[in-house]
Amino acid sequence: MSDCIIPEIKESEEEIIAIRRYLHANPELSLEEFNTSNLVARQLESWGYQVTREIGKTGVVGSLSKGDGKKSIGLRADMDALPILEATNLPWASTVPGKMHACGHDGHTSILLAAAKYIASDTCQFNGTVHLIFQPAEEAIGGADLMIKEGLFDRFPCDRIFALHNMPYLPTGKFGFYEGNFMASADTVKITLQGYGGHGAHPERTVDPIVTGAALIMSLQSIVARNVPPGETAVVTVGTFQAGIASNVIPDSAVMELTVRSMKPEIRELLIRRIQEIVDFTARSYGATSEIEIYDSYPVLVNDAEQTAFARQLAIEFFGQDAVLDSVSPSNGSEDFAFMLQQRPGSYFLLGNGEKGEKGGCMVHNPGYDFNDEIITTGASFFARLVENYCR
């Protein structure tokens, strides 16, 4: 595949890898990407882009036009890190305890920067406008939604938009495309159960939120099994349950948090409705009261069929049939690029980071993960080809 890499992008490989490793060593969490966005903005300005900062607090957009064409295309990369203690012991490992680029957003940012440098060069010929979107807060809060609410597509019109994500367990540098519903919706549901505390020796004088919560956890498991049609994707997972401080004290309250996933909006609505009903009825049946908060909600990510077919065919044309995986399955993971795809047609695709047991094969959100620098030039070359072939 190395002979498919754009030569000018290959020439800047060492420079971009150095940037990637610097970003990895200096991770910033969601909406804290001040150093990262400044680095991105300075690079883009040095290559001649019109740069707009502070969209979605720390987001950056670099815009460039060539010729007199009216077409416009958007390319997006996420920038934020995760609250994870790194365990790689690499020379470029995180220097910030408890913060780590464990999902490869340092690599995504670097890929788009590598593409940006080439796109701005005289060698890259296109007729139209490209908007390079460096997005904050993908891991939490929903930075894509923040940027949209601050007028992203009104200020930077895009006819179509594309993004990629590295994927461990897929062969290095291989592309994965999928038309339609590709990534699950995600909702975090916080449930507070209010009981009446007292001495553990006299439970009859209390309303026990722990017992209520235990019953609720088991009841919630029936939603997928007994309400969701067979064959549909749905997940209701109780990830936290916090209550009590001593073995002989029944607390006043208990708090649990759920992640709720689905591949269709109507299934998402069903899950939320049933959770609300079960929480209410279960709490009241034990004499407790309940409160529900729903947040960090991402919609289903839906890839436009036409744009996905365009991207797939382009990958085959420039990298060969063997570079495109025959089949890629939808994922219960979520991605806030879904907000952008609600606004503009486009596609979100995968780029193999390395198979299990090989370089780049450690799964994301793991303390041992590291982005595979070998795929930077592949991703950057493909981004550049998207620009050149759409804006003709």
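Residues numbered from 1 in each chain as written. Predicted model: local features only at pLDDT ≥ 70, side-chain atom pairs only at ≥ 80, totals over all residues. Heavy atoms only, no water.

As recorded in an unreviewed UniProt entry, the chain goes by M20 family metallopeptidase and comes from Silvania confinis.

Describe the environment of E291, with residues and values.
Mapped onto the elements, E291 comes out in strand β13 (residues 289-298). Beyond its immediate stretch of four places on either side in the chain, E291 contacts K190, I191 and T192. (Helix = DSSP H or I, 4+ residues; strand = E, 2+ residues; numbered from the N terminus. Contact = heavy atoms within 4.5 Å.)

Describe the pattern of salt bridges, naming the residues involved and giving the relevant values.
Applying the stated criterion across every chain yields a total of 21 salt bridges. Between E335 and R76 there is a salt bridge, and its shortest N-O distance comes to 2.5 Å. Of the two residues, E335 sits in the loop between α10 (305-319) and α11 (337-343) while R76 sits in strand β3 (residues 72-78), which places them 259 residues apart along the sequence. Here R76 falls in the buried class, since its relative accessible area comes to 1%. With its nearest N and O atoms 3.3 Å apart, the salt bridge here joins E374 to K359. With E374 in the loop between β15 (346-354) and α12 (376-390) and K359 in the loop between β15 and α12, the pair connects residues that are 15 residues apart, well separated along the chain. Its relative accessible area of 45% is what places E374 among the partly exposed residues. Linked by salt bridges that have partners in common, R20, R21, D106, D370 and D373 make up one network. (Salt bridge = Lys/Arg side-chain N within 4 Å of Asp/Glu carboxyl O. Buried < 20%, exposed > 50% of the residue type's maximum accessible area, 1.4 Å probe, protein only.)

Break down the sheet that holds strand β8 (residues 185-194) for me, with residues and values.
Ordered by their spatial adjacency, four strands build an open sheet running β10-β12-β8-β13, and the pairing between neighbours is antiparallel. If you trace the sheet from one side to the other, it starts and ends with β10 (234-242) and β13, each paired once. The sheet shows a mean angle of 20° between the axes of neighbouring strands, taken without regard to direction. Note: β10 against strand β12 (residues 253-262), eight bridges, orientation antiparallel. Each bridged residue has a counterpart across the sheet, and for V238 the counterpart in β12 is L258. Sheet contacts for helix α7 (residues 209-220): β8, β10 and β12; angle to β10, the most-contacted strand, approximately 165°. Docked against the sheet, helix α9 (residues 265-285) engages β8, β10, β12 and β13, running at close to 160° with respect to β13. (Pairing = 2+ DSSP bridges. Axes fitted to C-alpha atoms, helices over the stretch in contact; angles between N-to-C directions.)

Got a sec to walk through helix α3 (residues 34-46)? Specific residues and values, please.
Look at α3: 18 Å from first C-alpha to last across 13 residues, which is about the 18 Å you get at 1.5 Å a residue. On its buried side, α3 packs onto α2 (13-25), β1 (50-55), β2 (59-66), α4 (105-119) and β4 (128-135). G48 sits one or two residues past α3 and shows a positive phi near 100°. (Expected span 1.5 Å × (residues − 1).)

Describe the environment of S12, with residues and values.
Along the polypeptide, S12 turns up in the loop between α1 (7-11) and α2. Along the chain, S12 and C391 lie 379 residues apart, while their C-alpha atoms are 24 Å from each other. A distance of 3.0 Å separates a polar side-chain atom of S12 from the backbone oxygen of I9. (Polar contact = N/O pair within 3.5 Å; in protein donor to acceptor, adjacent residues only side chain to side chain.)

Give a detailed account of unusual backbone geometry, specifying residues and quantitative values.
We note that N89 has phi near 60°; this positive angle belongs to a residue other than glycine. With respect to the helices and strands, N89 occurs in the loop between β3 and α4. Overall, the relative accessible area of 73% leaves N89 in the exposed class. Even without glycine at this site, A137 takes up a positive phi of about 55°.

I'd like a rundown of α12, residues and numbers included.
Taking 1.5 Å of rise per residue, 15 residues should cover 21 Å, and α12 covers 21 Å from first to last C-alpha, within 8% of that figure. Extensive coverage of α12 is indicated by the burial of 15 of its 15 residues.

Could you give me a rundown of the UniProt feature "domain: Peptidase M20 dimerisation" (unreviewed entry) in the chain, with the residues and numbers involved?
UniProt annotation of "domain: Peptidase M20 dimerisation" (unreviewed entry) refers to residues 188-284 when read in the numbering used here. Annotated as 39% helix and 31% strand, the span residues 188-284 places its first and last C-alpha atoms 23 Å apart. (UniProt positions renumbered as here; feature names shortened; annotations may be inferred.)

Which residues make up the packing of aromatic side chains, and what are the values?
Within the structure shown, the criterion is met by 14 aromatic pairs. Centroid distance F162 to F310: 6.3 Å. Interplanar angle 40°. Geometry classified as tilted. Of this pair, F162 sits in strand β5 (residues 160-168) while F310 sits in helix α10; the two residues are 148 residues apart in sequence, bridging distant segments of the chain. By relative accessible area, F162 is classed as buried at 0%. An angle of 90° between the planes, with centres 5.2 Å apart, marks the rings of F349 and F382 as edge-to-face. Linking F349 in strand β15 with F382 in helix α12, this pair joins segments that are 33 residues apart in sequence. For the pair formed by F349 and F382, the shared burial category is buried. Connected via pairs of aromatic rings, a cluster forms that spans F175, F177, F319, F349, F382 and F383. It is K71 that lies over the ring of Y390; its NZ or CZ is 4.8 Å from the centre. (Phe/Tyr/Trp six-rings, centres within 6.5 Å; stacked < 30°, edge-to-face > 60°. Lys NZ or Arg CZ within 6 Å of the ring centre and 35° of its normal.)

How would you sum up the UniProt feature "binding site: Mn(2+)" (unreviewed entry) in the chain? Please name residues and give values.
The feature "binding site: Mn(2+)" (unreviewed entry), as annotated in UniProt, sits at C103, H105, E139, H165 and H365 in this numbering. The greatest C-alpha distance among the annotated residues, which extend across 263 residues, is 13.3 Å, indicating that they converge on a single site. Looking at the secondary structure, you find E139 in the loop between β4 and α5 (143-149). Non-local contacts of E139, meaning those with residues more than four positions away in its chain, are made with S30, D80, A81, L82, C103, H105, Y298 and H365. In this structure, H365 sits in the loop between β15 and α12.

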